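Fold and geometry: a report
Now for the letters of each chain:
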Amino acid sequence: MKNILLLASLLLLAACTGKPQGIEPVADFQAEKYLGRWYEIARLDHRFERGLENITAHYSLREDGGIRVKNRGFHQQDGEWKEAEAKAYFVGQRDVAHLKVSFFGPFYSSYIVFALDDDYQHALVTSSKKKYLWILSRSPEMDKTTLDALREKARSLGFAVDKLIYVDHRQQ
């Protein structure tokens, strides 16, 4: 019985750090180039960011070789900034953009960069399920051509881009 519970727990944890069908992380990924500030341009709705605008993520190196993730957004209704900090580690090789991230305790979920331009200015990110999608940019605005191309790529891979929430980055 103990072995069955252990196996079930391992399978559950693996599912949380797995990849959605048809999604491949960026290869030849350079974490050092990905570090720094990213602006959330659009996302699929989920409870962790509901009601937030002006959302940014800041990535930096941790002393243990992982990546520190600091998310920040302004909650319109509460009139205050919300922050969350996490730690992330590569699931496999450091040159493949598939990480596991934890905002609380020993629980991890996937962080998969599956589209990224050569200059590390725009990215598409998902988790272990296609119900999560983020369009990120190094600047708070994205030109229509780039946004349309990223939306089309996500749509072609089965994401519900018609349900995207576009983030307002005007100052509070």
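Above this text you will find the structure in question.
Let us look at the structure shown here.

Criteria and cut-off values
Residues numbered from 1 in each chain as written. Predicted model: local features only at pLDDT ≥ 70, side-chain atom pairs only at ≥ 80, totals over all residues. Heavy atoms only, no water. Phe/Tyr/Trp six-rings, centres within 6.5 Å; stacked < 30°, edge-to-face > 60°. Helix = DSSP H or I, 4+ residues; strand = E, 2+ residues; numbered from the N terminus. Buried < 20%, exposed > 50% of the residue type's maximum accessible area, 1.4 Å probe, protein only. Pairing = 2+ DSSP bridges. Salt bridge = Lys/Arg side-chain N within 4 Å of Asp/Glu carboxyl O.

Let's talk about the packing of aromatic side chains
- Tallied over the entire structure, the rule returns 11 aromatic pairs.
- A centroid spacing of 6.2 Å and a plane angle of 35° characterise the contact between Phe29 and Tyr120, whose relative ring orientation is tilted. Here Phe29 is found in the loop between helix H1 (2-16) and helix H2 (31-34), whereas its partner Tyr120 is found in the loop between strand E6 (107-116) and strand E7 (122-126), with 91 residues between them in sequence. Comparing Phe29 with Tyr120, the two get one shared label, buried.

With respect to unusual backbone geometry
- The backbone of Asp28 shows a phi angle near 55°, a positive value even though the residue is not glycine.
- Of note, Asp28 is situated in the loop between H1 and H2.
- The exposure class assigned to Asp28 is exposed, which follows from its relative accessible area of 62%.

Let's talk about the pairing of strand E4 (residues 80-90)
- In this sheet, E4 lies alongside strand E3 (residues 67-75) in antiparallel orientation, the contact comprising nine bridges. Directly across from Phe74, in E4, lies its bridge partner Trp81.
- Looking at chain direction, E4 and strand E5 (residues 98-104) are connected through four bridges and run antiparallel. Bridging across to E5, Lys87 finds its partner in Ser102.

A short note on the pattern of salt bridges
- With the rule as written, the count across this model stands at 14 salt bridges.
- Lys144 is the salt-bridge partner of Asp148, the closest N and O atoms lying 2.6 Å from each other. In this pair, Asp148 and Lys144 both sit in helix H3 (residues 144-156), four residues apart, roughly one turn of the helix.
- On the accessibility criterion, Lys144 (60% relative accessible area) is exposed.
- Among the charged side chains, a salt-bridge network with shared partners connects Glu40, Arg43 and Glu49.

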